[in-house]
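Structure at a glance
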Amino acid sequence: MEQVWYAKLEDTPIDHIWAAVSEEGLVAIAFRGTESEFLATVKKLTKLDPEPNPDKLVQVFQQLSRYFSGMLKEFDLPICWSVMTEFQQKALRQVYAIPYGQLRTYNDIALALGNRKTIRAVGRANATNPIPIVVPCHRVIGSNGKLTGFAGGLETKAYLLRLEGSWLL
C-alpha cells in the first residue's frame, strides 16, 4: 500500500461519515468523530498519512447513500483486508457474509470459525472493525437476542437494524 485517501460524507441519517480508501480498497469508515481522530485511526491501520481526495471516495459515498435510502442491500466495494489482523480478517469475513436483514450472534460467528471458545475474540474483532456498515458488525447481537456494544452507539445500531428490517424497536 502506497497511498491512502479520505473524505467526509455529510448529512447521513447517522450524522457525518468519514471514509478512507487505498489502491487495495476500503480501509476505514467512522461516523461522527473529528477529522483528526479519523486520521489517527487510518494512520494506525496503514502507517501512512492519508490525503484528502473526495474523488477517490465517490463510489463509496454513492453506495452508502443508496444503502441509507433503502436502495442498496449489498455493497460492491473492494475491501483492504490487509489492515486487519489475521484473526480479525477471519472473523470479519464471517460478519461480511451476513445477509442484509439477517442477524447472527457472536457465538454463531465463533462456531463458523470452528471454535466456540473464540467467542470473546470474535467480540473484540467486531468491536475493532475498521469498516462498519460495509462489514456489517451491526448485524451481530448477543446470544440473549439483545443489542450489544457498537462503536457508533446502540441507538445507531438499532437504527441500522430497523433500516434493514431486522429489528423491531
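Before reading further, recall that the structure is shown in the block above.
**Focus: the overall build of the protein chain**
- Along its length, the protein chain carries six helices and six strands.
- Walking the protein chain from its N terminus toward its C terminus, one meets helices and strands in the order β-β-β-α-β-α-α-β-α-α-β-α.
- Based on the C-alpha atoms only, the size of the protein chain along its principal axes is roughly 40 × 35 × 25 Å.
- The 169 residues of the protein chain split such that 48% are buried.
- Taking the intrachain contacts of the protein chain between residues at least 6 apart in sequence as the baseline, contacts between residues at least 24 apart amount to 56%.

**Some details on the nonpolar core**
- Among the nonpolar cores identified, the biggest contains 48 residues, and Ile 17, Ile 29, Val 60, Leu 64, Ile 133 and Val 134 are the most heavily contacted of them.
- When residues of this core are traced back to their parent elements, those giving at least two are β1 (4-12), β2 (15-22), β3 (26-31), α1 (35-46), α2 (58-68), α3 (86-96) and α4 (106-112).
- Among all residues touching Ile 29, those that are not within four sequence positions of it are Ile 17, Trp 18, Ala 19, Phe 38, Leu 64, Pro 130, Ile 131, Pro 132 and Val 134.

**Here we look at the pattern of salt bridges**
- Here the structure, examined in full by the defined rule, presents four salt bridges.
- With a shortest N-O distance of 3.3 Å, Glu 10 and Lys 8 are connected by a salt bridge.
- For Glu 10, a relative accessible area of 45% gives the class partly exposed.
- Given the relative accessible area of 34%, Lys 8 is considered partly exposed.
- One salt bridge in this structure joins Lys 90 and Glu 86, with 3.5 Å as the shortest N-O distance. Of this pair, Lys 90 and Glu 86 both sit in helix α3, separated by four residues, roughly a single helical turn.
- What makes Glu 86 exposed here is its relative accessible area of 58%.

Thresholds applied
Residues numbered from 1 in each chain as written. Predicted model: local features only at pLDDT ≥ 70, side-chain atom pairs only at ≥ 80, totals over all residues. Heavy atoms only, no water. Helix = DSSP H or I, 4+ residues; strand = E, 2+ residues; numbered from the N terminus. Buried < 20%, exposed > 50% of the residue type's maximum accessible area, 1.4 Å probe, protein only. Contact = heavy atoms within 4.5 Å. Core = buried A, V, L, I, M, F, W, Y, C linked by side-chain atoms within 4.5 Å. Salt bridge = Lys/Arg side-chain N within 4 Å of Asp/Glu carboxyl O.

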